[in-house]
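Remarks on the overall topology
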Amino acid sequence: MRGKRLIPPLVAIAVWQIITTVGGVPSYKLPSPLQVLGGLKDLAVVGLPPGHLLHTHALYSLKRVFLGYSLAVSVGIPLGIAVGWSRRVRFVVEPFIELLRPIPPLAWIPIAILWFGIGIKSAAFIIFLGAFFPILLNTSAGVLAVDPLLIEAMRTLNGKPRDIIFKVLIPGSIPSIITGMRIGVGLGWMTLVAAEFSGVKQGYGLGYMIMTARDIQRPDEILAGMFFIGVAGFVIDGSLRLLEKSLIKWR
Amino acid sequence: MAVNLKLSRITKTFPENGSLSQVPVLDNLDCIIESGQFFSIVGPSGCGKTTLLRIIAGLEKASEGQILLNGDAITDNDRRVGLVFQEFALFPWRTALQNIEIGLEINGVPKAERREEALKYVREFGLEGFENTFPKMLSGGMKQRVAIARTLISNPEVVLMDEPFGSLDSKSRIDMQNFLLDVWEQRKMTVVFVTHSVDEAVYLGDRVLVLGKRPSRIMETFDVEISRPRDRANPALLEMRERIFGLCARA
Ligand SMILES: Nc1ncnc2c1ncn2[C@@H]1O[C@H](COP(=O)(O)OP(=O)(O)OP(=O)(O)O)[C@@H](O)[C@H]1O
Ligand SMILES: [Mg+2]
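Residues numbered from 1 in each chain as written. Chains lettered and ligands numbered in written order. Predicted model: local features only at pLDDT ≥ 70, side-chain atom pairs only at ≥ 80, totals over all residues. Heavy atoms only, no water.

What follows concerns the side chain of Asp-163 of chain A. Structurally, the position occupied by Asp-163 of chain A is in helix α9 (residues 161-197). It is Arg-162 of chain A that comes nearest to the buried, bridge-free Asp-163 of chain A among opposite-charge side chains, at 4.0 Å. Beyond its immediate sequence surroundings of up to four residues, Asp-163 of chain A is in contact with Met-154 and Val-168 of chain A together with Ile-106 of chain B. (Helix = DSSP H or I, 4+ residues; strand = E, 2+ residues; numbered from the N terminus. Buried < 20%, exposed > 50% of the residue type's maximum accessible area, 1.4 Å probe, protein only. Lys, Arg positive; Asp, Glu negative; His and termini not counted. Salt bridge = Lys/Arg side-chain N within 4 Å of Asp/Glu carboxyl O. Contact = heavy atoms within 4.5 Å.)

We now examine the sheet that holds strand β8 (residues 190-195) of chain B. Backbone-to-backbone hydrogen bonds pair the strands of a sheet. The strands run either parallel or antiparallel. Residue and element names in this part refer to chain B. Across the sheet, six strands lie side by side as β6-β7-β8-β3-β9-β10; this open sheet has mixed pairing. Each end of this open sheet is capped by a strand with a single partner; those strands are β6 (81-84) and β10 (218-223). For this sheet the average axis-to-axis angle between neighbouring strands, irrespective of direction, equals 15°. Along the sheet face, helix α1 (residues 49-57) touches β3 (38-42), β6, β7 (158-162), β8 and β9 (207-211) and points at about 155° away from the line of β7. Packing against the sheet, helix α7 (residues 235-250) makes contact with β9 and β10, and its axis sits at approximately 175° to β10. (Pairing = 2+ DSSP bridges. Axes fitted to C-alpha atoms, helices over the stretch in contact; angles between N-to-C directions.)

Residue and element names in this part refer to chain B. Where burial is concerned, most of β9 is hidden: four out of the five residues are buried. The pairing of β3 with β9 spans four bridges and is classified as parallel. When the sheet's bridge partners are listed, Ile-41 is paired in β9 with Leu-209. The hairpin formed by β9 and β10 contains six residues between the paired strands.

All names here are of chain B. Residues in contact with ligand 1 amount to 13 residues; listed here are only the nearest, Ser-45, Lys-49, Thr-50, Thr-51 and Arg-214. Between Lys-49 and ligand 1, the recorded distance is 2.8 Å, taken from a side-chain N or O atom to an oxygen atom. Interatomic distance of 2.5 Å between a side-chain N/O atom of Thr-51 and an oxygen atom of ligand 1. A total of three residues in the shell around ligand 1 trace back to one element, the largest contributor, which is α1. Split by residue class, the shell around ligand 1 holds three nonpolar, seven polar and three charged. (Near = heavy atom within 4 Å. Polar contact = N/O pair within 3.5 Å; in protein donor to acceptor, adjacent residues only side chain to side chain. Nonpolar A, V, L, I, M, F, W, Y, C, P; charged D, E, K, R; others polar.)

This paragraph deals with the interface of chain A and chain B. Contacts between the two partners involve 19 residues from chain A, matched on the other side by 24 residues from chain B. Carbon and sulfur atoms make up 65% of the surface buried where chain A meets chain B, a total of about 2,100 Å² over both sides. For chain A, the biggest contributors to the area lost against chain B are Thr-156, Leu-157 and Trp-250 of chain A; these three give 31% of the whole. At the junction of chain A and chain B, the tally comes to two salt bridges. The partner of Arg-54 of chain B in a salt bridge is Glu-152 of chain A, and the shortest N-O contact between them spans 2.6 Å. Linking chain A to chain B there are four residue pairs in polar contact (both at pLDDT 80 or more). Breaking the side of chain A that touches chain B down by element, the ones donating at least two residues are α8 (148-156) and α9 of chain A. Of all the elements, α8 of chain A adds the most residues to the side of chain A that touches chain B, at seven residues. Looking at the side of chain A that touches chain B residue by residue, the classes come out as eight nonpolar, four polar and seven charged. (Buried area = accessible area lost by both parts, 1.4 Å probe.)

Here is the structure:
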């Protein structure tokens, strides 16, 4: 079963290899899979620009994402719980959410550079914006969706507001919170690469790396870089999926 | 016997959907429930049985009237009163054992101690082997037993039960009735037992209160002076049952 699922992509790669070697597609437009593999090796061993190795680019990108994302998680989840729990907090916070959410994170880049300069702070800020809203909104929606009967059950068991929050609302909204965290990390990752394209860079970063590959006309390295970014995103999401599985055994 | 619960002139109206007028549900109920009594309440569907229990449990305010428990007014979430919900209201993210022990947990009983206490209930309630099962995987009867154990573990003086056996098949219903009588005879807490089965009300209760159609008034109260264990075919029991049916038919 597992093996079978690999067949379609393998066929696609084979077709790709054929049209690029004997099918007349020029390799400066579309390099063959084997060339992309070579590009990946160059990125990892030679580096782009030379000496700037793939894993260092990846580490810089991950560091930016980690910083912005942890900020988004640590503000978004508590605020989301407060918004879901208290009508008053909802009344105050909701208009700001409605106002700020439609602004694409990338539209914040100019002002972020003005505020924080070019560097990790700006990048983290942009990633924070990308991840924050899905986390906040999913958390508050999760809290609001908790069955009111369970809150009443806690009250009849002599539960105080603290117990209602920590033993009913939070466990009850964990699935929704994790969904928000998954959407948030995906958006944060996408935002990062775009942010690295547009100046929030430091000589390192995966977005910066593939832009450099374009500047020196290395489509094999562009595709290898894209492939790597995709795989890294997949791995990050996969680890959150594992967290989801271990936390939500009760469903 | 000592008066445990005293309901005086309890009236409840709900605002009607989409209009300013109020729908009366409970109309001027007076009744006295003695300490350690098994007190049954029967009434047709929608007559306000759940509403009455919710008022006694402090989840809902009466529009008029007052409730005294041992002479003083009942508070919002009174430790002396426990409620077993019609829909069980188990916490789906907690195992059977974790559901049972939660009342002790939120009152700060140390883990080892509350585990031990909860395990006693697991044994008494025939839940061995299901300690670590989540509610989703429990049968209706087991969910009900977990719900009752969860309420009893905090030793409330008054246990309110809302049609607890309504969703069980007739065999497990009879088993659960007898089981509940055993539990009650050991502990002698006050039980207020709501049902729409006349048979069940008379078989279980020391006293049976019959509510009419909405807005409910007390139609009549019956004392069931038959010693336990009772025979379900006891002529006195059957006669009382006929009288209640007759009363309901006239309403
Ligand atoms: N929060 C509420 N707002 C408005 N009306 C309500 C509310 N709660 C209950 N009611 C109404 O009050 C009446 C009594 O409801 P209740 O649930 O107490 O009846 P019940 O006797 O428990 O019925 P059942 O046997 O079906 O459980 C119903 O007509 C119901 O629609
Ligand atoms: Mg009801």
